[in-house]
Amino acid sequence: GPKTDEEWAVVRNAAAMLVESGNLLMVAGRVNARASQEDWQEISRGLIDVSTIALRAAEEKDKEKLFNVGSDIYNVCTSCHQKYIMMASE
């Protein structure tokens with residue numbers, strides 16, 4: 001895990017970018033053409049939620065919380081990518 005203030009700042013910035021990525025996915029017109037609006041919004045909110053936990057963990061410099069939320073971020077991203085990348089290749 002991060003050891004210095006600079007390393008924690010990098011993690012914090014990465015978590016903030018993930019939060020903003022979820023927000024950008026929810027902007028009108030960003031919905032995958034094959035996705036339902038409701039499903040796309042739910043997945044985007046999931047990304048925002050887990051990324052916010054990571055952001056707080058970085059702000060608190062809580063290595064355990066950061067480690068634990070890492071798998072949640074992976075799961076949210078993977079579930080979306082599997083669903084929508086597979087759709088795009090069909």
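Residues numbered from 1 in each chain as written. Predicted model: local features only at pLDDT ≥ 70, side-chain atom pairs only at ≥ 80, totals over all residues. Heavy atoms only, no water.

Looking at the nonpolar core
Counting twelve residues, the largest nonpolar core is built from Trp8, Ala15, Leu47, Val50, Ala54, Leu55, Ala57, Ala58, Leu66, Val69, Ile73 and Val76. Sorting elements by how many residues they give to this core places helix 2 (residues 37-60) first, with six residues. Look past the residues within four positions of valine 50 in its chain and what remains in contact with it is Val69, Asp72, Ile73 and Val76. With five residues, the next largest nonpolar core counts Ala35, Trp40, Ile43 and Tyr84 among its residues. (Core = buried A, V, L, I, M, F, W, Y, C linked by side-chain atoms within 4.5 Å. Buried < 20%, exposed > 50% of the residue type's maximum accessible area, 1.4 Å probe, protein only. Helix = DSSP H or I, 4+ residues; strand = E, 2+ residues; numbered from the N terminus. Contact = heavy atoms within 4.5 Å.)

Let's talk about the environment of lysine 65
Residue placement: lysine 65 occurs in helix 3 (residues 63-89). You can call lysine 65 partly exposed: its relative accessible area is 30%. Spatially, the C-alpha atoms of lysine 65 and isoleucine 53 are 8.1 Å apart, while their sequence positions differ by twelve residues. If we skip the residues at most four places from it in the chain, lysine 65 touches Ile53, Ala57 and Glu60.

So, helix 2
Look at helix 2: 34 Å from first C-alpha to last across 24 residues, which is about the 34 Å you get at 1.5 Å a residue. Where helix 2 terminates, the next one or two residues include lysine 61, which has phi positive at roughly 55°. (Expected span 1.5 Å × (residues − 1).)

Structural notes on the packing of helix 1 (residues 5-25) against helix 2
Relative to each other, helix 1 and helix 2 sit at 160°, their axes nearing to 8 Å. Classified by the interaxial angle, the pair formed by helix 1 and helix 2 is roughly antiparallel. Remark: the crossing between helix 1 and helix 2 carries left-handed chirality. Residue-level contacts link Trp8, Val11, Arg12, Ala15, Ala16, Leu18, Val19, Ser21, Gly22, Asn23 and Leu25 of helix 1 to Trp40, Ser44, Leu47, Ile48, Ser51, Thr52, Ala54, Leu55, Ala57, Ala58 and Glu59 of helix 2. Among the residues making up the contact of helix 1 with helix 2, the classes are represented as 14 nonpolar, six polar and two charged. (Axes fitted to C-alpha atoms, helices over the stretch in contact; angles between N-to-C directions. Parallel < 35°, antiparallel > 145°, perpendicular 65-115°, else oblique. Left-handed = near helix turned anticlockwise from the far one by under 90°. Nonpolar A, V, L, I, M, F, W, Y, C, P; charged D, E, K, R; others polar.)

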